Amino acid sequence: MGMASRLTPLKGGRVDHAANLVDKKTYNFNFVNQGAAMIHHRIHRARMLRGLSLEALANNLGDISKQALNKFEKGDAKPNSSRILQLAKALNVKPEYFFRSDAIQLAPLEFRKLSKMSLARQASVREKMHDHLERYEALERCFDAETTVQVLPAQSLTVSSVLEAELAAQQLRDQLKIGGDAIAHLTELLEDNGIKVALLDGPDDFDGACAATHDNQHVLIALNCQRPGERMRFTAAHELGHWVMALPADMPDKDKENCCHRFAGAFLYPKDRVLQDFGNHQRSRVFMAELLNAKRRYGVSMQVALRRLKDLKLLTDAGYMSAMIEFSRKGWRKEEPEMLACEHPRRFESLVYRGLAEDLFTPSRAAEFLQCSLDELDPKLDRLPALA
């Protein structure tokens, strides 16, 4: 296995492979005899996870050069057990992380606004997604097949234009049998259909991205948790469009993004509901109050609601430009009225606590899944704040 030399037994004959990796003797055994082949790659991944350069990590450690760290990452030198513990602290990972095998391989990622992200920030986000999906897949393997959720098929809707993207959004709504009503909790809908969702504390120029394993059996949409709730919903729908739509390989990237934008708007705010709210004839102006009501009802930004009017030719170009000028004047292009709350995905945490209750793994393993300390793990809710 390349993990612990002593395994902690659990009920039903199961063992927790992450336990008993905390003392120096155990680390020496695991690394010298089992883990040397994987640990150099894990050191590199942990550094990418934190978005640190070799020089920055060397400065944090204080007693090693970036050249020596580079040798660790290339596998040209072996860190001893003390150095492993030191690296774990500096990189804010549990020591077990370095002995975890790479269970999954991700297909190449595409980022929205790719050109605005530096390669270092792209690598950091990619590694955060890889790490979360890796932990998610390991968690699911602790359970029987009954917990498996069928993943929405990739590229199942052929689209070659923005008009076809509009139709694809309605096709998917029909397929999911959600009618034309507002989607109350988009992340829950995604997770119910096999698409995992993660909230990342990403850089300012990151909105979201979709990652999948090479076999398309595990899919993750990552969202920047610093964004307003309405923007996160739109980004999630946009990334969903990337996943379900089969766009021409030779379509320019800008046109692909426009198709995904159109898909996202139509999926969250269907055409027939827009017509009900704003009428079916073109007009030259729209009131901000109308757009705010659309936001309240469908969980889209006021700007997305405005764009729907333009896309469906319910508002003249002059009326659209006038509204955008008003958004700019009021400062609403960056921060709209009545920002929506973030939708938190719950399936991952629920599975962790279920597995802990069924003795499928130890509290230390549960804490590793949730990326928290044992002290922060509170399955009995003993530390809830007292009610007033």
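### Some points on the confidence of the model for the protein chain
In step 1: Of the residues in the protein chain, 86% reach a pLDDT of 70 or more, and the chain-wide mean stands at 86.
In step 2: Counting contacts from residues 1–23, a segment whose pLDDT is below 50, to residues more than four positions away or on other chains yields 55 contacts.

### Considering the packing of aromatic side chains
In step 1: Under the defined criterion, the tally for this structure stands at five aromatic pairs.
In step 2: An angle of 70° between the planes, with centres 5.3 Å apart, marks the rings of Phe361 and Phe369 as edge-to-face.
In step 3: Take Phe361: its relative accessible area is 3%, and that puts it in the buried class.
In step 4: The ring of Phe267 carries Arg173 above its face, with NZ or CZ at 5.6 Å from the centroid.
In step 5: Lying over the aromatic face of Tyr320, Lys310 brings its terminal NZ or CZ to 5.1 Å of the ring centre.

### Some thoughts on the pattern of salt bridges
In step 1: Under the defined criterion, the tally for this structure stands at 29 salt bridges.
In step 2: Between Glu134 and Arg45 there is a salt bridge whose closest N-O contact spans 3.0 Å. With Glu134 in helix 5 (residues 119–140) and Arg45 in helix 1 (residues 24–50), this residue pair connects regions lying 89 residues apart in the sequence.
In step 3: Classification of Glu134 as buried rests on a relative accessible area of 1%.
In step 4: Assessed through its relative accessible area of 2%, Arg45 is described here as buried.
In step 5: Connected via shared salt-bridge partners are Glu166, Arg262, Arg307, Arg308 and Asp311.

### A look at the pairing of strand 6 (residues 208–212)
In step 1: Among the five residues of strand 6, five are classified as buried, and the element is accordingly described as predominantly covered.
In step 2: On strand 6, burial covers both faces: Gly208, Cys210 and Ala212 on one face and Ala209 and Ala211 on the other are all buried.

### Quick notes on unusual backbone geometry
In step 1: Phi is positive for Gln371, which is not a glycine, with a value near 55°.
In step 2: Here Gln371 shows up in the segment after helix 15 (363–370).
In step 3: A relative accessible area of 37% places Gln371 in the partly exposed class.
In step 4: Phi at Leu381 is positive, roughly 55°, even though this residue is not glycine.
In step 5: If you trace the backbone, Leu381 turns up in the segment after helix 15.
In step 6: Note on Leu381: relative accessible area 52%, which makes it exposed.

Rules used in this analysis
- Residues numbered from 1 in each chain as written.
- Predicted model: local features only at pLDDT ≥ 70, side-chain atom pairs only at ≥ 80, totals over all residues.
- Heavy atoms only, no water.
- pLDDT = per-residue confidence, 0-100.
- Contact = heavy atoms within 4.5 Å.
- Phe/Tyr/Trp six-rings, centres within 6.5 Å; stacked < 30°, edge-to-face > 60°.
- Buried < 20%, exposed > 50% of the residue type's maximum accessible area, 1.4 Å probe, protein only.
- Lys NZ or Arg CZ within 6 Å of the ring centre and 35° of its normal.
- Salt bridge = Lys/Arg side-chain N within 4 Å of Asp/Glu carboxyl O.
- Helix = DSSP H or I, 4+ residues; strand = E, 2+ residues; numbered from the N terminus.

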